Amino acid sequence: MAKIIDGKAVSASVKEEVAAEAAVLKEEKGINIGLAVVIVGNDPASRVYVNNKKKACEAVGFRSFEYALDESTTQEQLLDLIDVLNRDDHVNGILVQLPLPAHIDEKTVINAISPEKDVDAFHPVNVGKIMIGEYAFLPCTPAGVMKLIESTGTEISGKQCVVIGRSNIVGKPMAMLLLHKSGTVTICHSKTKNLKEICLGADILVAAVGRANLITGDMIKEGAVVIDVGMNRLENGKLCGDVEFESASQKASYITPVPGGVGPMTIAMLMRNTLTAAKNQMK
Ligand code: GUN
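Sequence order sets the numbering: in each chain, residues are counted from 1 along the sequence as written. Under the rules for a predicted model, residues below a pLDDT of 70 receive no local features and side-chain atom pairs below 80 are neither given nor counted, while totals for whole chains, interfaces and linings still include all residues. Neither water nor hydrogens contribute to the side-chain values; these are computed over all heavy atoms in the structure.

The six strands are arranged 1-11-8-7-5-6 in an open sheet whose pairing can be described as parallel. Both outer strands of the open sheet, strand 1 (3–4) and strand 6 (184–188), are each paired with one neighbouring strand and no more. Whether two strands pair depends on DSSP finding at least two bridges between them. The numbering of helices and of strands both runs from the N terminus, where a helix is a DSSP run of H or I of at least 4 residues and a strand a run of E of at least 2. Looking at chain direction, strand 1 and strand 11 (residues 254–255) are connected through two bridges and run parallel. Within the sheet, the bridge partner assigned to Ile4 lies in strand 11 and is Ile255.

Written as C-alpha cells, this is what we have:
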C-alpha cells in the first residue's frame, strides 16, 4: 500500500521558508515584495486560482496587486497594462492567469511580460533557459512536482521516468527537469501506442494529461513513485486526477492524492519564484 505524499505539508514548508526570507528582506533592506495578478473575464476556475494566489501572497508577507479586467478588454489594453507593470518597481512578479478570452492571443501577451518578472516561467527566454539548465525560474507546477519527489527521498538519477502529457506548461518542462537530474525520460501523449507497456517500466510516473482516471493500477510498476498532476471535474462535480487512486495506490510506493497533492505546490512555487524575482531585481 502506497504512502501518500502530503502536498499541503510540503507546500506549507516551502511557504514558511519563503516567508522567513521575505521577512529578512523587509527588515534589512526595506523591500516589500509585490506580485501583480491579472485576470481577464469571469472563468470561475481562474477566479478560484487567483484568489488562492492572493491568499498565499498574504500568508508569506508579499503585497498582491489584482487587476480584474472585463471580458471585453482588448489585447491592446492588456498589453498596455503589462507595459506599466513591467516598469513598476513595486511589482516584482507578473502573472497573467490563463486561459485568456479567445480574442486575445496568449503568446503575444506572454511575450510582452518582462522575462525578469515572468514568475510563471512561460516567456520564451525563460523556457529556453530551462532547456540549457541555466534558469532563474522554473514553471511552478513541474518545480512543485520535483519538490514532491524529493520529499520521498527518491533518487532520480538513472531511474526510468515517464511523463504523460506534452503541454508547454507541464509535460515538456517536467521532462526537462527530470532529465537535468539524470533520469531516463520518456514522454507519452495522445498518439502513444503502447502506453501501458511504457508506464509499467516507470520508476517515477508523472501524469499530466487531463483525462480522468486514465492511469490504472495495472499500468503501474510495483514500488513506483506516482505523481498525479491531473485536476478533472467529473459529472457528479467531484474532483479527480489522471490516476485511478484506489488501484494505483495498491502498486505504488508513494502517490499524490487529488486534491491535496500537486495543487498546493504550484502556488508555493509561485511564491518562491516571486521571491527569486525580487532578489534578482536587487542585483
Ligand atoms: N492557468 C492554469 N494554470 C496556470 C498557471 O500555472 N499560470 C497561469 N498564469 N495561468 C494558469
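Let us keep going from here.
Our next topic: the site of the ligand. Taken together, Lys53, Leu95, Val96, Gln97, Leu98, Asp120 and Phe122 make up the full set of residues adjacent to the ligand. Polar contacts here mean pairs of N or O atoms no more than 3.5 Å apart (in protein, one a potential hydrogen donor and the other a potential acceptor; neighbouring residues in sequence count only if both atoms are side-chain atoms). Between the ligand and Gln97, the relevant distance is 3.2 Å, taken from a nitrogen atom to a side-chain nitrogen or oxygen of the residue. Within the side chain of Asp120, an N or O atom sits 2.7 Å from a nitrogen atom of the ligand. Per-residue and other accessible areas follow the Shrake-Rupley method at a 1.4 Å probe size, with only the shown protein chains counted as cover for residues. For the ligand, whose accessible area on its own is 280 Å², the fraction buried by protein is 78%. For this description, a residue counts as near a given molecule or strand if any of its non-hydrogen atoms is within 4 Å of it.

Topologically, Leu205 is positioned in strand 7 (residues 204–207). Relative accessibility decides the category of a residue: with a 1.4 Å probe and only protein chains considered, values under 20% of the type maximum give buried, values over 50% give exposed, and everything between is partly exposed. For Leu205, a relative accessible area of 2% puts it in the buried group. A sequence separation of 50 residues divides Leu205 from Ile255, and the C-alpha atoms of the two residues are 9.6 Å apart. Whether two residues touch is decided by their heavy atoms; if any such pair falls within 4.5 Å, the residues are in contact. Those residues in contact with Leu205 that lie beyond four places of it in its chain are Val162, Ile164, Cys199, Ile215, Ile220, Val225, Val226 and Ile227.

We call a set of buried residues a nonpolar core when its members are Ala, Val, Leu, Ile, Met, Phe, Trp, Tyr or Cys and they connect through side-chain atoms within 4.5 Å of each other. One finds Leu35, Phe62, Val145, Leu178, Val206, Ile227 and Met271 to be the most contacted residues of the largest nonpolar core, which totals 52 residues. If you tally residues by element for this core, the top one is helix 10 (residues 262–282), at ten residues. If near-sequence neighbours (up to four positions away) are discounted, Phe62 is found in contact with Val18, Ala22, Ile33, Cys57, Met271, Thr274 and Leu275. Listed in part, the 18 residues of the second largest apolar core include Ala2, Ile220, Ala224 and Ile255.

Lines are fitted to the C-alpha atoms to define the axes, a helix being fitted only along its stretch in contact, and any angle between axes, read from their N-to-C directions, falls within 0 to 180 degrees. Between helix 6 (residues 140–151) and helix 10, the least distance of the axes is 8 Å, while the angle of their chain directions is 110 degrees. As far as their axial angle goes, helix 10 and helix 6 are roughly perpendicular. Crossing hand, helix 6 versus helix 10: right-handed. For the pair helix 6 and helix 10, the contacting residues are Cys140, Thr141, Ala143, Gly144, Val145, Lys147 and Leu148 in the first and Val262, Met265, Thr266, Met269, Leu270 and Asn273 in the second. A breakdown of the residues in the contact of helix 6 with helix 10 according to their chemical character gives eight nonpolar, four polar and one charged. Throughout, the term roughly parallel applies to angles under 35 degrees, roughly antiparallel to angles over 145, roughly perpendicular to angles from 65 to 115, and oblique to all others. Here a crossing is taken to be left-handed if its near helix is turned anticlockwise relative to the far helix by less than a right angle, and right-handed if that turn runs clockwise. We call Asp, Glu, Lys and Arg charged. Ala, Val, Leu, Ile, Met, Phe, Trp, Tyr, Cys and Pro are nonpolar, and the rest, Gly among them, are polar.

Quick look at the layout of surface pockets now. Approximately 320 Å³ is the volume attributed to the second largest pocket. Residue lining of the second largest pocket: 15 residues in total, with Tyr135, Leu138, Ala143, Met146 and Met269 positioned closest to the centre. Elements supplying a minimum of two residues to the lining of the second largest pocket: helix 6, helix 7 (171–180) and helix 10. Looking at side-chain class alone, the lining of the second largest pocket contains eight nonpolar, three polar and four charged residues. Buried and open spaces are told apart on a 1 Å grid over the protein atoms alone, a cavity being a set of points where a 1.4 Å probe fits but cannot get out and a pocket being an open set with protein on both sides within 12 Å along at least five of seven lines. Residues with an atom within 4 Å of a point are the lining residues. Grid points are joined across faces, edges and corners, and a volume is the space filled by probe spheres set on the points.

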